[in-house]
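# Per-entry structural report
Letter by letter, the chains look like this.
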Amino acid sequence: GGEKDALALHGIHAGYDTAAVLHGVHLTVRAGEILALLGPNGAGKTTTCRVAAGILTPRTGQVLADGRDVTRTGPVPRSRAGTLLAPEGRGIFPALTIDENLALHLPDRTDRDAVYERFPALAARRTVSAGSLSGGEQQLLALAPLLQRPPKVLIADEPSLGLAPRVVDEVFRLLAELRDAGTALLLVEEKAAEILGVADRVAYLSQGRVSWCGPRAEVEADRLTEAYLGIA
Ligand code: ATP
């Protein structure tokens, strides 16, 4: 690991006024790698994402971005430096057209044309309001601009939540393209079986700790059951 980690969490203790949630979380993600973070409801996956993105400051522990200590850096400077939290589902403006939404991120026409070439379904409807798209198409619209300028680190908390299966495949394919472009991805998923298709490594979070972490090839069926049912 060491300096090749695009994102590193060391000994993270974090929580809320009323609850200690993370009890010494350690995880790392390298450039060009997808780390899937699995675990039962309440294990602290979303809290881990918040700490990684700078939305929640840990009580103790260190967050490193490209080896630099960003533990106490807020989400805006952190995203400017290349560590992004994926826009959740509808990180778009429904009253604006598809093209207007894309133009907020991609003012350059040629960048938008590249998106339309990659996603013909968006191209065909570029002048309609984004609010008329399906949930899955909205998710693709929210994520598509990232392909033109892949971030160093992308943290995605259940990007497939509530989407139709066919679109889930498309969302995962898009995330795999980002990985291939060099982005380090921390990806929380409930759909454990599907995410194994794109993950390079898997970390299991259980009661605020990483109970197992390893390459996808070493994941055993038992662990998926643990991840789903929380019987770790
Ligand atoms: P899920 O899959 O249910 O989203 P998770 O693994 O993402 O679970 P978290 O959302 O990180 O888990 O929540 C971990 C614990 O922290 C839960 O017990 C939850 O009730 C608690 N929690 C989450 N957000 C807050 C908050 N804002 N204030 C107080 N407690 C919270």
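Below or above, wherever it landed, is the structure these notes cover. The model shown is predicted, which means the values in this text are computed figures rather than measured ones. (Residues numbered from 1 in each chain as written. Predicted model: local features only at pLDDT ≥ 70, side-chain atom pairs only at ≥ 80, totals over all residues. Heavy atoms only, no water.)

### Describing the sheet that holds strand 8 (residues 184–188)
Ordered in space as 6-7-8-3-9-10, the six strands form an open sheet in which the pairing is mixed. Edge positions in the sheet fall to strand 6 (83–85) and strand 10 (209–215), since each has one partner strand and no second. Direction aside, neighbouring strands of the sheet carry axes that sit 15 degrees apart on average. When strand 9 (residues 201–206) meets strand 10, the two strands line up antiparallel, connected through six bridges. Directly across from Arg201, in strand 10, lies its bridge partner Pro215. (Pairing = 2+ DSSP bridges. Helix = DSSP H or I, 4+ residues; strand = E, 2+ residues; numbered from the N terminus. Axes fitted to C-alpha atoms, helices over the stretch in contact; angles between N-to-C directions.)

### Details of the nonpolar core
Grouped together as the largest cluster of nonpolar side chains are 44 residues, with contacts concentrated most on Phe119, Leu122, Leu141, Leu175, Leu178 and Val202. The element best represented in this core is helix 7 (residues 165–180), accounting for eight residues. Not counting chain neighbours up to four residues away, the residues in contact with Leu175 comprise Ile34, Leu154, Pro159, Leu185 and Leu187. Core analysis: the next-biggest nonpolar cluster, separate from the first, contains 28 residues, Ala6, Val25, Ala43 and Leu186 among them. (Core = buried A, V, L, I, M, F, W, Y, C linked by side-chain atoms within 4.5 Å. Buried < 20%, exposed > 50% of the residue type's maximum accessible area, 1.4 Å probe, protein only. Contact = heavy atoms within 4.5 Å.)

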